[in-house]
2 protein chains.
Amino acid sequence: MQYVVGIDIGGTSIKAGILTEEGELIAKTEIPTRKGPEGQEIFEDLKCLVEKFLGDAGLEQETLSGIGIAVPGAVRGRRVVNRCANLNWGIIDVAEAMEARLPGIPIVVLNDANAAAYGEAWKGSQQVARNMVMVTLGTGVGGGVIVDGKVVEGAFGGAGEIGHLYAGGDVPCNCGNRGCLEKYASATGIARMAALELAKDPSYDGILRRKAEASRDASGKVEKGDEPNNRLDAKAVFDALKAGDPLAQRVAEDFGEKLGTALAQVACVVDPEVFVIGGGVSKAGECLLDYIRKPYREHAFHVSKDTEFRIASLGNDAGTYGAAWAACNRMEP
Amino acid sequence: MQYVVGIDIGGTSIKAGILTEEGELIAKTEIPTRKGPEGQEIFEDLKCLVEKFLGDAGLEQETLSGIGIAVPGAVRGRRVVNRCANLNWGIIDVAEAMEARLPGIPIVVLNDANAAAYGEAWKGSQQVARNMVMVTLGTGVGGGVIVDGKVVEGAFGGAGEIGHLYAGGDVPCNCGNRGCLEKYASATGIARMAALELAKDPSYDGILRRKAEASRDASGKVEKGDEPNNRLDAKAVFDALKAGDPLAQRVAEDFGEKLGTALAQVACVVDPEVFVIGGGVSKAGECLLDYIRKPYREHAFHVSKDTEFRIASLGNDAGTYGAAWAACNRMEP
């Protein structure tokens, strides 16, 4: 049997899975993203990851028909990344870098949110939607636009760059612009907004107090990658929101206002059947959608006001599935 | 030989052309748009228009293989319009209304900006662009998004509704929302902004004085549909702009800021090779593009900053060509 490896490089961690060509997930793993000044460390880490991963699974390299790599940036020719600000990458031929390290294995590179969209369309709950928009809320905000069953890549690889829709204001973004949506709707954007709210009332300690309590309650059962700390992260904000915290509620309203308004813009361009919300922030669940829907309905064109919103059914694995899908040579030329 | 009729219904006038199936324009005509309370008068006018048009051209009705009708609203199933606020239409089966009046002639209905996009792609200078966005600046603002050579229609017929992108502010739009782009970037929007500027300084008479002078200079040579009047319309604003009028310049800057920012949003979604600017306002020519490009570049994602802008080569006839193209049964199912 032939296998493929799907790799999803995020700003915080690298997720990888071994899948059959039919899309069955055999094994998965996750390592932290090591970001050096040039971002080259990642390629060494990927080589080690793939070799160890195959070894642990008892698979020979010959059984591997390809590797798909999803990256958080615009991709040209399914090989070359045109800047990933969150990884300190400029223009880099990722396929070449990996082919040099893992000779003989075909490599295909694609945008991470496009990968997530393909993943959801392949193995998620969105298998029926011919027209959908995938939104990944992680370290940044990504988007994958599917029209007639195919991801729109754009003339310069910039289609679906929903995180860089102008959402107002002048907060500088890693991309060089100001006021990009991902400064408000990503995990880091949510933490940034919470810190700003907290700065207005430094005596308020609700969110971090709740986080510390929850951490104690878990009595040592700490989720992987979520070591106890007093960082005001997006998870802490949404946990506090569920507990009725008023500051978290203000942050969620700002988040929803920016994201809902931006997705109403997206609907004016491609008018999808469904918006699928994925990425780490989507772990907060259905409660997110209520904050997005209201401003969305306010600004969406009348025919699109009732467009459906769903949480990604593959959760944070959608990108891994989609990268594996691409590695199966399923992308049209 | 077989012919088709392409009809482009605008908020101000109805344009029509007789074309061969190869896209050669044999004859064209234009009548004012008659807007009653229900908008039904238009169908009677269209029937008379087609009959007289064929008669004048010496063609039998049997030589007509179809009629394409472009309308300024979202269209479902190539027959039914889901509201045209600028025509006072609700949900209307336009194909049925016309089939009842012109029995035996196949009718296809499509969105006007989508028609303009098909027209430019068929017979305009954009025949090579597989990925383009057409923007029509007329009574309203329309958009046609072409991905891989095909217009994106959207799940609910709302794709390419660029005129209803949220551009800020709370000016009410005919569509029911507030702050829509067409309140700033359409011919009527431009006139509205000029009137607001003028209200700030009622003693200023530059634009209308220039218009009156130009009208006198033309010594009776009045362009069809442009009878002498003292209305502060978009043409007067752009004529004054070319003569260096400072008020017209402020209006053009506001126009460009709103449109350029909105098109940067569009580029984040579909990343076209080229934006083609058509519709009545585009008669102002290349000078428009300078006002659009600067804010576009400021807000566009880095890979799309150098995307080309062009004035539609078919000018205001693009919609007629595209409607004729659709009538040739060239639209995929």
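Residues numbered from 1 in each chain as written. Chains lettered and ligands numbered in written order. Predicted model: local features only at pLDDT ≥ 70, side-chain atom pairs only at ≥ 80, totals over all residues. Heavy atoms only, no water.

## Some details on the sheet that holds strand E13 (residues 308-311) of chain A
Residues and elements named next belong to chain A.
Now for step 1: As summarised here, the arrangement of the 5 strands in space is E11-E10-E9-E12-E13, forming an open sheet in which the pairing is mixed. The open sheet has two free edges, formed respectively by strand E11 (150-151) and E13, since each of these has just one partner strand.
Now for step 2: Of the strand pairs in this sheet, strand E12 (residues 274-278) and E13 are connected by 4 bridges, and their pairing is parallel. Paired with Val274 across the bridge in E13 is Glu308. (Pairing = 2+ DSSP bridges. Helix = DSSP H or I, 4+ residues; strand = E, 2+ residues; numbered from the N terminus.)

## Describing the interface of chain A and chain B
Now for step 1: Counting residues at the interface gives 41 residues for chain A, matched by 41 residues for chain B.
Now for step 2: In total, about 3400 Å² of surface goes out of reach between chain A and chain B, with carbon and sulfur atoms giving 62% of it.
Now for step 3: Here B:Asp148 and A:Lys150 are joined by a salt bridge, their closest N and O atoms 3.2 Å apart.
Now for step 4: For the interface between chain A and chain B, the tally reads 24 residue pairs in polar contact (both at pLDDT 80 or more).
Now for step 5: Residue assignment for the side of chain A that touches chain B shows that the elements contributing at least two residues are strand E6 (80-84), strand E10 (141-147), helix H8 (246-270) and helix H9 (287-299) of chain A.
Now for step 6: The biggest single contributor to the side of chain A that touches chain B is H8(A), with 7 residues.
Now for step 7: Classifying every residue of the side of chain A that touches chain B by side-chain character gives 20 nonpolar, 12 polar and 9 charged. (Contact = heavy atoms within 4.5 Å. Buried area = accessible area lost by both parts, 1.4 Å probe. Salt bridge = Lys/Arg side-chain N within 4 Å of Asp/Glu carboxyl O. Polar contact = N/O pair within 3.5 Å; in protein donor to acceptor, adjacent residues only side chain to side chain. Nonpolar A, V, L, I, M, F, W, Y, C, P; charged D, E, K, R; others polar.)

## Notes on the relation of the copies chain A and chain B
Now for step 1: The two copies are related by a screw motion: chain A maps onto chain B through a turn of 180° and a shift of 0.0 Å along the axis, at an RMSD of 0.0 Å. Such a combination of rotation and displacement between the chain copies is what one expects of a two-fold axis.
Now for step 2: Of the residues that chain A buries at the interface, 100% are likewise interface residues in chain B, meaning the two copies contact each other through the same surface. (Least-squares fit on C-alpha atoms with pLDDT ≥ 70 in both.)

## Topic: the side chain of B:Ser282
Residues and elements named next belong to chain B.
Now for step 1: One can find Ser282 in the loop between strand E12 (274-278) and helix H9 (287-299).
Now for step 2: Accessibility expressed as a relative area gives 4% for Ser282, which makes it buried.
Now for step 3: Look past the residues within four positions of Ser282 in its chain and what remains in contact with it is Ile277, Leu288 and Ile311. (Buried < 20%, exposed > 50% of the residue type's maximum accessible area, 1.4 Å probe, protein only.)

## Details of helix H2 (residues 94-101) of chain B
Residue and element names in this part refer to chain B.
Now for step 1: Regarding H2, the residues found buried are Val94, Ala95, Ala97 and Met98. Buried residues of H2, viewed axially, fall in a sector of 165°; they line one side. Exposed and facing more than 90 degrees away from the buried side of H2 are Glu96 and Ala100.
Now for step 2: Close packing links the buried residues of H2 with helix H1 (41-57), strand E4 (64-71), strand E6 (80-84), strand E7 (89-93) and strand E8 (107-111).
Now for step 3: By the N-cap criterion, in which a side-chain oxygen at the helix start approaches the backbone nitrogen of a residue two or three places on, H2 is capped by Asp93, the distance to Ala95 being 3.3 Å. (Arc of directions from axis to C-beta.)

## Quick look at the environment of B:Arg297
All names here are of chain B.
Now for step 1: Here Arg297 shows up in helix H9.
Now for step 2: By relative accessible area, Arg297 is classed as partly exposed at 39%.
Now for step 3: With near-sequence residues (within four places) excluded, Arg297 lies in contact with Lys305 and Asp306.

## Some thoughts on the sheet that holds strand E5 (residues 74-76) of chain A
Residue and element names in this part refer to chain A.
Now for step 1: Pairing is antiparallel across the open sheet formed by 3 strands, whose spatial order is E5-E6-E7. Each end of this open sheet is capped by a strand with a single partner; those strands are E5 and strand E7 (89-93). Strand after strand, the sheet turns through a mean of 15° between neighbouring axes, direction not considered.
Now for step 2: Bridge count between E6 and E7: 4 bridges; the pairing is antiparallel. Looking across to E7, one finds that Val81 is bridged to Ile92. (Axes fitted to C-alpha atoms, helices over the stretch in contact; angles between N-to-C directions.)

## Remarks on the environment of A:Lys15
Residue and element names in this part refer to chain A.
Now for step 1: With respect to the helices and strands, Lys15 occurs in strand E2 (residues 13-20).
Now for step 2: Accessibility expressed as a relative area gives 13% for Lys15, which makes it buried.
Now for step 3: Residues Lys15 and Val109 lie 94 residues apart in sequence; the distance between their C-alpha atoms is 15 Å.
Now for step 4: Setting aside anything within four residues of it in sequence, one finds Lys15 in contact with Gly6, Ile7, Asp8, Thr29, Glu30, Asn316 and Thr320.
Now for step 5: Within the structure, the side chain of Lys15 is placed 3.4 Å from the side chain of Ser13, a separation counted as a polar contact.

## Quick word on the packing of helix H1 (residues 41-56) of chain A against helix H2 (residues 94-101) of chain A
Working note: a packed helix pair is described by the angle between its axes plus the distance between those axes.
Residues and elements named next belong to chain A.
Now for step 1: At a minimum axis distance of 10 Å, the contact between H1 and H2 shows a crossing angle of 45°. It follows that H1 is oblique to H2 by the angle criterion. The way H1 lies across H2 gives a crossing that is right-handed. In contact with Phe43, Glu44, Leu46 and Lys47 of H1, H2 contributes Val94, Ala97, Met98 and Arg101. (Parallel < 35°, antiparallel > 145°, perpendicular 65-115°, else oblique. Left-handed = near helix turned anticlockwise from the far one by under 90°.)

## Quick word on the side chain of B:Asp112
All names here are of chain B.
Now for step 1: In this structure, Asp112 sits in helix H3 (residues 112-123).
Now for step 2: Buried within the structure, Asp112 lacks any salt-bridge partner; Lys15 is the closest side chain of opposite charge, at an N-O distance of 8.7 Å.
Now for step 3: Look past the residues within four positions of Asp112 in its chain and what remains in contact with it is Asp8, Ile9, Ala70, Val71, Pro72 and Gly319. (Lys, Arg positive; Asp, Glu negative; His and termini not counted.)

## Some details on the nonpolar core
Now for step 1: Judged by nonpolar contacts, the single largest core of 115 residues is most densely connected at A:Phe255, A:Leu263, B:Phe255 and B:Leu263.
Now for step 2: Apart from residues no more than four positions distant in its own chain, B:Phe255 is found in contact with B:Leu137, B:Tyr184, B:Ala185, B:Ile190, B:Met193, B:Phe238, B:Leu288 and B:Ile292. (Core = buried A, V, L, I, M, F, W, Y, C linked by side-chain atoms within 4.5 Å.)

## Notes on the pattern of salt bridges
Side chains carrying opposite charge are able to pair once their charged atoms draw close together.
Now for step 1: A complete count under the given rule lists 30 salt bridges over all chains for this structure.
Now for step 2: Here B:Arg101 makes a salt bridge to B:Glu44, at a shortest N to O gap of 2.7 Å. Here the residue B:Arg101 occupies a position in helix H2, and B:Glu44 occupies one in helix H1, the gap between them amounting to 57 residues.
Now for step 3: For B:Glu44, a relative accessible area of 36% gives the class partly exposed.
Now for step 4: When salt bridges with common partners are traced through the structure, they connect A:Arg79, A:Asp93 and A:Glu99 into a single cluster.

## Quick word on the packing of aromatic side chains
Now for step 1: Applying the stated criterion across every chain, the model contains 12 aromatic pairs over all chains.
Now for step 2: An angle of 20° between the planes, with centres 4.1 Å apart, marks the rings of A:Tyr118 and A:Trp325 as stacked. One end of the pair, A:Tyr118, is in helix H3 (residues 112-123); the other, A:Trp325, is in helix H10 (residues 318-327), and 207 residues separate them in sequence. Of the two residues, A:Tyr118 and A:Trp325, both sit in the buried class.
Now for step 3: Through a chain of ring-to-ring contacts, the aromatic side chains of A:Phe275, A:Tyr296 and A:Phe309 assemble into a single cluster.
Now for step 4: A:Lys258 extends its terminal NZ or CZ atom over the ring of A:Tyr184, reaching a point 4.6 Å from the ring centre.
Now for step 5: Over the ring of B:Tyr184 we find B:Arg192, and its NZ or CZ is 5.3 Å from the ring centre. (Phe/Tyr/Trp six-rings, centres within 6.5 Å; stacked < 30°, edge-to-face > 60°. Lys NZ or Arg CZ within 6 Å of the ring centre and 35° of its normal.)

Nothing here speaks to function; it is geometry throughout.
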